[in-house]
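# Reading the structure
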Amino acid sequence: NHILLKTLEKHGVVQINPQGEKFDPTYHEALFDFVDPKQTPGNVGVVCNIGYLINERVLRPAKVGVVKAPEKIE
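Sequence order as written defines residue numbering, which begins from 1 separately in each chain. For a predicted model such as this one, the threshold for reporting local features is a pLDDT of at least 70, and the threshold for listing and counting side-chain atom pairs is 80 or more; totals across whole chains, interfaces and linings nevertheless cover every residue. Each side-chain value is derived from all of the structure's non-hydrogen atoms; neither hydrogens nor water enter the calculation.

### What about the overall build of the protein?
We count a stretch as a helix when DSSP gives it H or I for four or more residues in a row; a strand needs E for two or more, and each element gets its number in order from the N terminus. Helix and strand counts for the protein stand at one helix and six strands. For the protein, the sequential pattern of α-helices and β-strands runs α-β-β-β-β-β-β. We take the radius of gyration over the C-alpha atoms and set the globule estimate at 2.2 Å times the residue count to the 0.38 power. Its C-alpha atoms give the protein a radius of gyration of 15 Å, more than 25% over the compact-globule value 11 Å for 74 residues. For the protein, the spread of C-alpha atoms along the three principal axes comes to 55 × 20 × 15 Å. Working definition: with a 1.4 Å probe on protein chains only, accessible area under 20% of the residue-type maximum means buried, over 50% means exposed, and in between means partly exposed. Burial statistics for the protein: of 74 residues in total, 23% are counted as buried. For the accessible areas, the method is Shrake-Rupley and the probe is 1.4 Å, while residue cover comes only from the protein chains on display. With an accessible surface of roughly 5,500 Å², the protein has 54% of that area assigned to carbon and sulfur atoms. Positive charges are assigned to Lys and Arg, negative charges to Asp and Glu, while His and the chain termini are left out of the count. A single reference atom marks each charge: NZ on Lys, CZ on Arg, CG on Asp, CD on Glu. The protein carries 9 positive and 9 negative side-chain charges, and their two centres are separated by 6 Å.

Below, the structure written as structure tokens:
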């Protein structure tokens, strides 16, 4: 598997693993959102599938779960 990734990188294919990064719909596909007080709202909290870029263009977006702020109870 490691050899395959190295071969793909030689041809401009790189992985997108956005754990902890700010959610960006250009590179990430949100599958769900969830509350987690230990993480920053708006960031990627879970990576379900790693994405790929080819020559800086999205080949497949990373499929992720996004942290949301807890709802205020009034």
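### Regarding unusual backbone geometry
At N55, a position not held by glycine, the phi torsion is positive, near 50°. By the secondary structure assignment, N55 is in the loop between β4 (51-54) and β5 (57-60). For N55, a relative accessible area of 54% puts it in the exposed group. With a phi close to 70°, E56 is a non-glycine residue in the positive phi region. Of note, E56 is situated in the loop between β4 and β5.

### Side note on a nonpolar patch on the surface
A cluster of nonpolar side chains, namely L31, F32 and V46, defines an oily patch on the protein surface of about 230 Å² accessible area. In this structure, L31 sits in strand β2 (residues 28-35). Like charges within 9 Å and nonpolar side chains (Val, Leu, Ile, Met, Phe, Trp, Tyr) within 5 Å are joined into patches, using only residues over 30% in relative accessible area that form no salt bridge. In what follows, salt bridge is the name for a side-chain nitrogen of Lys or Arg lying within 4 Å of a carboxyl oxygen of Asp or Glu.

### A short note on the environment of N43
Examined against the element boundaries, N43 turns out to sit in the loop between β2 and β3 (44-49). It is 9.8 Å that separates the C-alpha atoms of N43 and V64, two residues lying 21 residues apart in sequence. In this description, contact between two residues means that some pair of their heavy atoms is separated by no more than 4.5 Å. Leave out the neighbours within four places in its chain, and N43 touches G20, E21, K22, F23, G65, V66 and V67. At 3.2 Å, the side chain of N43 forms a polar contact with the backbone oxygen of G20. Each polar contact in these results corresponds to two N or O atoms within 3.5 Å; when the atoms are within protein, one needs to be able to donate a hydrogen and the other to accept it, and residues that are neighboring in sequence are counted only if both atoms are side-chain atoms.

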